[in-house]
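Single-letter residue listing:
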2 protein chains.
Amino acid sequence: METTVGIETGQSRPAPTLEMVAALAGVSRATVSRVVNGSTSVAPELAQSVEQAVRALNYVPNRAARTLASRRTYTITLLVPESTSKVFADPFFATVVEGVAKYLNSTEYMLNMVTSSEADPGKTQRYLMGGNVDGVLVVSHHSGDHSWEHLNDALPIVFAGRPLLNASDSYYVEVDNEEGALAAVQRLITTGRRNIATIAGPQDMPPGVDRLAGWRSGLAAAGLDDALVEYGDFTVASGEAAMRRLLARGKPLDGLFAANDQMAAGAHAVIQEHGLRIPEDIAVVGFDDDLFATSVSPALTTVHHPISDLGEKMAHMLVELIEGRPAHRVCRLPTSLVVRDSA
Amino acid sequence: METTVGIETGQSRPAPTLEMVAALAGVSRATVSRVVNGSTSVAPELAQSVEQAVRALNYVPNRAARTLASRRTYTITLLVPESTSKVFADPFFATVVEGVAKYLNSTEYMLNMVTSSEADPGKTQRYLMGGNVDGVLVVSHHSGDHSWEHLNDALPIVFAGRPLLNASDSYYVEVDNEEGALAAVQRLITTGRRNIATIAGPQDMPPGVDRLAGWRSGLAAAGLDDALVEYGDFTVASGEAAMRRLLARGKPLDGLFAANDQMAAGAHAVIQEHGLRIPEDIAVVGFDDDLFATSVSPALTTVHHPISDLGEKMAHMLVELIEGRPAHRVCRLPTSLVVRDSA
DNA sequence: TTGTATGCGTTATCAT
DNA sequence: ATGATAACGCATACAA
């Protein structure tokens, strides 16, 4: 009589396969596959015993095998053209990811983030083209960078933000910047302001352009002058500088629309440093409704930027594209005015 | 004569396969595989023509097929037991990820983050057990939470931080909290302080325990009294409250070690609010060297927590484990004192 | 409705 | 050193 001594390898026993489930349930592998994938055409009683076997064996489909057989990966990549550290430092990305994850959780897709700038760019490229991914979400903050557009005929892609050029070629979702800026100006006008300035964003970024346009159209509709424009680059420091220039002009000024909250925060400081009151002397409205809006005093009246919704919608569009359903090429998300104390 | 009209499907042509490369190079698939995977035993001239074919076709191996055949995924998961939004909001995670990514970029492994709390926890579990991943990195901030330890006999795991219990069972890397706290106290003593208090962290978290122990041993070595202890929970508010209690004792107090920078920041405010000067009246040293250390005035002398290194080391250990090389069960990272203005 | 058989693109085990 | 050929675990067209 022989004795076999089990060797403890530290490795767990191999994962159960479709075939094992089939054996235990007394059906064919095809039937198990159908049950697992929720096919309608399977007899209830068979389905029962299959499900039972699945639970008994704690079966979970092998992703690689499934991918190989079905030519679908059920994976989508969030591509961020920034360094890892920057991505995490920026609350904007955080919120986009949150929205994307929220939508994806209702689907079978997995999310998979890759920051492109680090390492060799070719690695990212090869990964995306290597059939490891069903679709790509590209998020670059304000810039509307569509430099990955060439991937478009290899993979469905949805961008965050309208591209600066070639808007007709790609799918994207953006917030309605112009409408938001318009609402901001209207708030200023409604509260009795007549001399309304703006600190605009860079004019090589779509949000910069659109928010300025919204400000202009609001003024035009009310027959007001649109001479009071200064430009910043969306940073606090640039907001301060722009506000100084505005004040230095010596013109009447009782209202300000800043193209984002950071620049509004910069303006806040300068206004108060000049001994002027907010909102009594100068009312100010920002854009984005981010951390800066509430960390400043008085709290900023601002245009809410639905960032999480943006992520959600991007994911939604991409999944539609992947599954071959028709999708609108562009989705423009509505904004809403958040009234606080500064206007 | 018939005419076939090409239908534009919008789909790109199928990716080149190993077989196509083999055909073009005039060798067998096995040889191509060997070249692609850097096998030594292949004739230089054949290798040449294979590489040429690879470039010509822009061949990139199919990950799913490779995984299926080799039973290796070359993917590791960073598991974060927090909500997505929390993860991104916390600079600690950001920096860990940075370190992990840095190391992994020198390898063939891909990183793949999953935040566990959202959605159903079972989904995460099934994903990890489903053979989609070669190993797992678990990061939970201060807590030393090892609740995923049961995965250990299914998958290699490396934790961030020592577990509260069962330290002998799992692989982890931690910063040397005790040594760091000791250095902080020594700094205080070196600059002439004799009545040194501490605001300790929660005693159900390893860092809270170890930093308190470090403070105690520093005091003991110098024959100083260790009665001045108050506890906080690593938040700014708790630091303020603890400082108030310390001051309310009415005992002499000319030095303070706070178990993290946030609590130190809280203490800062309270000390100054009492009309006391830093460091003249009370010198303070923090721990972590994070944003709070420099956002406070005077800037905080503090113990540098090498978070990026932690991520790097974790990834390194995990890869060693995965590849079957021996690895030390625990890695303790050294700290360093960053001298600024508060002590 | 259910089962059979083939193929997905690699790696790996054999011969040669 | 190189080439057949058999897995790998699943999906799916086709047959029954």
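The name an unreviewed UniProt entry gives chain A is LacI family DNA-binding transcriptional regulator, with Arthrobacter pullicola as the organism.

A.B. asks: I would appreciate a short explanation of the domain arrangement of chain A in the present structure.
C.D. replies: A common measure of how large an interface is: the accessible area buried when the components associate. Partitioning chain A into structural domains gives domain 1 (18-70), domain 2 (75-175 + 308-333) and domain 3 (177-306). Between domain 1 of chain A and domain 3 of chain A, the C-alpha centre-to-centre distance is 60 Å.

A.B. asks: Would you explain helix α3 (residues 44-57) of chain A in this entry?
C.D. replies: Note on helix geometry: an α-helix contains 3.6 residues per turn, so any two residues three or four positions apart are oriented the same way. Residues and elements named next belong to chain A. If you check α3, its first and last C-alpha atoms are 20 Å apart, about what 14 residues at 1.5 Å a residue would give, namely 20 Å. Within α3, burial applies to A47, V50, A53 and V54. All buried residues of α3 project into a common sector of 125° when viewed along the axis, lining one side. Residues of α3 that are exposed and point over 90 degrees away from its buried face: P44, E45, Q48, Q52, R55 and A56. Taken together, the buried residues of α3 touch α1 (18-25) and α2 (29-36). Looking at the residues trailing α3, positive phi occurs at N58, about 55°.

A.B. asks: Mind showing me how you'd approach the protein's contact with DNA strand D here?
C.D. replies: Taken together, 27 residues lie near DNA strand D, and L18, S33 and Y59 of chain A together with T31 and A43 of chain B sit nearest. Each atom of DNA strand D within 4 Å of the protein was classed as base or backbone; sugar and phosphate made up 61%. Within the side chain of Y59 of chain A, an N or O atom sits 2.5 Å from a phosphate oxygen of DNA strand D. Within the backbone of A69 of chain B, an N or O atom sits 3.5 Å from a base oxygen of DNA strand D. For the surface near DNA strand D, the secondary-structure elements that each account for two or more residues are α2 and α4 (63-70) of chain A together with α2 (29-36) and α4 (63-70) of chain B. For the surface near DNA strand D, the per-class residue count stands at 13 nonpolar, 8 polar and 6 charged.

A.B. asks: What exactly am I supposed to notice about the protein's contact with DNA strand C here?
C.D. replies: The environment of DNA strand C is made up of 27 residues, and the closest members are T31, R34 and A43 of chain A together with L18 and S33 of chain B. Here R29 of chain A contributes a side-chain N or O atom positioned 3.4 Å from a base oxygen of DNA strand C. Contact distances for DNA strand C include 2.8 Å between a phosphate oxygen and a side-chain N or O atom of Y59 of chain B. Put simply, the parts of the chain that give the surface near DNA strand C at least two residues each are α2 and α4 of chain A together with α2 and α4 of chain B. Residue composition of the surface near DNA strand C, by class: 14 nonpolar, 8 polar and 5 charged.

Cut-offs used in this document
Residues numbered from 1 in each chain as written. Chains lettered and ligands numbered in written order. Predicted model: local features only at pLDDT ≥ 70, side-chain atom pairs only at ≥ 80, totals over all residues. Heavy atoms only, no water. Domains from an automatic or database assignment. Helix = DSSP H or I, 4+ residues; strand = E, 2+ residues; numbered from the N terminus. Expected span 1.5 Å × (residues − 1). Buried < 20%, exposed > 50% of the residue type's maximum accessible area, 1.4 Å probe, protein only. Arc of directions from axis to C-beta. Contact = heavy atoms within 4.5 Å. Near = heavy atom within 4 Å. Polar contact = N/O pair within 3.5 Å; in protein donor to acceptor, adjacent residues only side chain to side chain. Nonpolar A, V, L, I, M, F, W, Y, C, P; charged D, E, K, R; others polar.

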